[in-house]
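Remarks on the overall topology
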Amino acid sequence: LSRKHGKLTAAAADALLREAAVNVRHLRGGKMINALSTAPIGRDRILEMYHKPSGQIRAVAPFRAVVAGILDDYDFIGTVERLDESLVLLQMLLGIDAGDVLYLSAKSSGGYDDGRRGFCALIPKTYVSEETHQFFRSDNWTRANYGDRMLHEAVNRSLDATIAALGADTFRRALDEHFHLLALADEECGGSVAFPCSTTGTLQTKKAEANCYWNDAGCGYPCLDRLVDKWQTQQVGPQERPS
C-alpha cells in the first residue's frame, strides 16, 4: 500500500486494506488456493463450490478436493503465523544447519519499505479498525475465502503432525536454538546492516548491495555468516546446542 499510495496514516492504510479485500472476493474460494493449485480452479469447479448468484456454499467436497491436491503437489508448506516453526521444520527435514534459516526483518511497521520504486515508503503502524475487524468476520468474507481457511487449517495440522513425527522434544530443542540465534543475530547484526532504506527513510541502494542478496531479500547475510562461524566455534552464545 505504501509503495502505491506513498505516505499513509494508519487509518488510511486500514481503509485501503478493506477496499482491497472487497476487490479480491471475486476469486472465489480464496486467493491462496487459486495461487497454489497446479490445476486451475475453473468455472465448473466454482459452480460445484457455490450456488449462483447467491454465493452460498453448495458443497464442501470440492474445496476438500482442491486442498488435498495442493497438499499432494507440495512437499512442504509453512505459514506466516508460524514462520519460525516452519523454518525450523524445513531445516530439520532438509538436514541443513540452524544458521541457514536465520534472518533479519527487512520490513516492520513504523519502518520503511525497500525502495524498489526509487523512494522509501513509510510502513504505517499497525492499526485495524472495528469496521475492518467486522468485515473479516462477516459471512460474505468467510464464504468467499472458504478454501483458504480450509487450506490454512490443513497446513497447521500438517505442521503439527510433522513435529510429532520428528519428535516434539527434538523439535523444541531445535526451535530454542533457532530463537537463541535470532536473538544473537539481532544483537550483533541488527544495528549494523544496511538495508535499501535507512531507519530515517533515506535511500541507500549502493550500501545495500553489499549486504543483501537482492533488493531487501537476505539482508545482513555477511554478518549472519560471521555470527554462525563464531557460534559454531563457541565464541558467542553459550547455550548448549541440541543433539
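Provided above is the structure to which this section pertains.
Residues numbered from 1 in each chain as written. Predicted model: local features only at pLDDT ≥ 70, side-chain atom pairs only at ≥ 80, totals over all residues. Heavy atoms only, no water.

What follows is about the packing of aromatic side chains. Tallying each qualifying case throughout the model produces 6 aromatic pairs. Geometrically, the ring pair formed by Tyr50 and Phe63 is edge-to-face, given 5.6 Å between the ring centres and 85° between the ring planes. One end of the pair, Tyr50, is in the loop between helix 4 (43–49) and helix 5 (61–73); the other, Phe63, is in helix 5, and 13 residues separate them in sequence. Taking relative accessible area as the criterion, Phe63 reaches 1% and is therefore assigned buried. Here a set of aromatic residues connected by ring pairs shows up, and it is made of Tyr50, Phe63 and Tyr146. (Phe/Tyr/Trp six-rings, centres within 6.5 Å; stacked < 30°, edge-to-face > 60°. Helix = DSSP H or I, 4+ residues; strand = E, 2+ residues; numbered from the N terminus. Buried < 20%, exposed > 50% of the residue type's maximum accessible area, 1.4 Å probe, protein only.)

Once that is clear, we can look at a negative patch on the surface. Among the surface-exposed residues, Asp97, Asp100, Asp225 and Asp229 lie close enough to one another that they form a single negatively charged patch. Note that Asp100 resides in the loop between helix 6 (83–94) and helix 7 (130–137). (Patch = residues over 30% accessible without salt bridge, like charges linked within 9 Å, V, L, I, M, F, W, Y side chains within 5 Å. Areas by Shrake-Rupley, 256 points an atom, 1.4 Å probe, with all protein chains shown as cover. Salt bridge = Lys/Arg side-chain N within 4 Å of Asp/Glu carboxyl O. Lys, Arg positive; Asp, Glu negative; His and termini not counted. Charge placed at Lys NZ, Arg CZ, Asp CG, Glu CD.)

The next subject is the side chain of Arg82. For Arg82, the location among the structural elements is in the loop between helix 5 and helix 6. Apart from residues no more than four positions distant in its own chain, Arg82 is found in contact with Asn156, Leu159, Asp160 and Ile163. (Contact = heavy atoms within 4.5 Å.)

As a packed pair, helix 6 and helix 10 (residues 168–189) sit with axes 10 Å apart at the nearest point and diverge in direction by 115°. Once helix 6 is placed against helix 10, the crossing between them reads as right-handed. Residues Asp84, Glu85, Leu87, Val88, Leu89 and Met92 of helix 6 touch helix 10, and the partners they reach there are Thr170, Phe171, Ala174, Leu175, His178, Phe179 and Leu182. Class assignment of the residues belonging to the contact of helix 6 with helix 10 gives a composition of 9 nonpolar, 2 polar and 2 charged. (Axes fitted to C-alpha atoms, helices over the stretch in contact; angles between N-to-C directions. Left-handed = near helix turned anticlockwise from the far one by under 90°. Nonpolar A, V, L, I, M, F, W, Y, C, P; charged D, E, K, R; others polar.)

Now for the environment of His152. With respect to the helices, strands and loops of the structure, His152 is situated in helix 9 (residues 146–166). Here the alpha-carbon distance between His152 and Thr79, two residues 73 residues apart in the chain, equals 7.8 Å. Apart from residues no more than four positions distant in its own chain, His152 is found in contact with Thr79 and Glu81.

Before going further, it helps to examine the state of the cysteines. The final tally for this structure, using the stated rule, is 3 disulfides. Through a disulfide, Cys120 is tied to Cys197; the S-S separation comes to 2.1 Å. The S-S bond linking Cys120 to Cys197 shows a torsion near -100°; that makes this disulfide left-handed. Of the two residues, Cys120 is situated in the loop between helix 6 and helix 7 and Cys197 in the loop between helix 10 and helix 11 (205–209); the sequence distance between them amounts to 77 residues. Cys197 matches Cys120 in its accessibility class, with the two residues each being buried. Here Cys189 engages in a disulfide with Cys223; their sulfurs sit 2.1 Å apart. Judged by the torsion about the S-S bond (-85°), the Cys189/Cys223 disulfide is left-handed. Here Cys189 is found in helix 10, whereas its partner Cys223 is found in helix 12 (residues 221–232), with 34 residues between them in sequence. (Disulfide = S-S within 2.5 Å.)

What follows deals with the nonpolar core. Nonpolar side chains in soluble globular proteins tend to be buried together. Ranked by size, the top nonpolar core spans 20 residues in total, and within it Ile33, Ile41, Met49, Val66, Leu151 and Phe171 carry the most contacts. The set of elements that each furnish at least two residues to this core consists of helix 4, helix 5, helix 6, helix 9 and helix 10. Here this core gets 6 residues from one element, more than from any other, and that element is helix 9. Non-local contacts of Val66, meaning those with residues more than four positions away in its chain, are made with Ile33, Ser37, Ile41, Arg45 and Met49. (Core = buried A, V, L, I, M, F, W, Y, C linked by side-chain atoms within 4.5 Å.)

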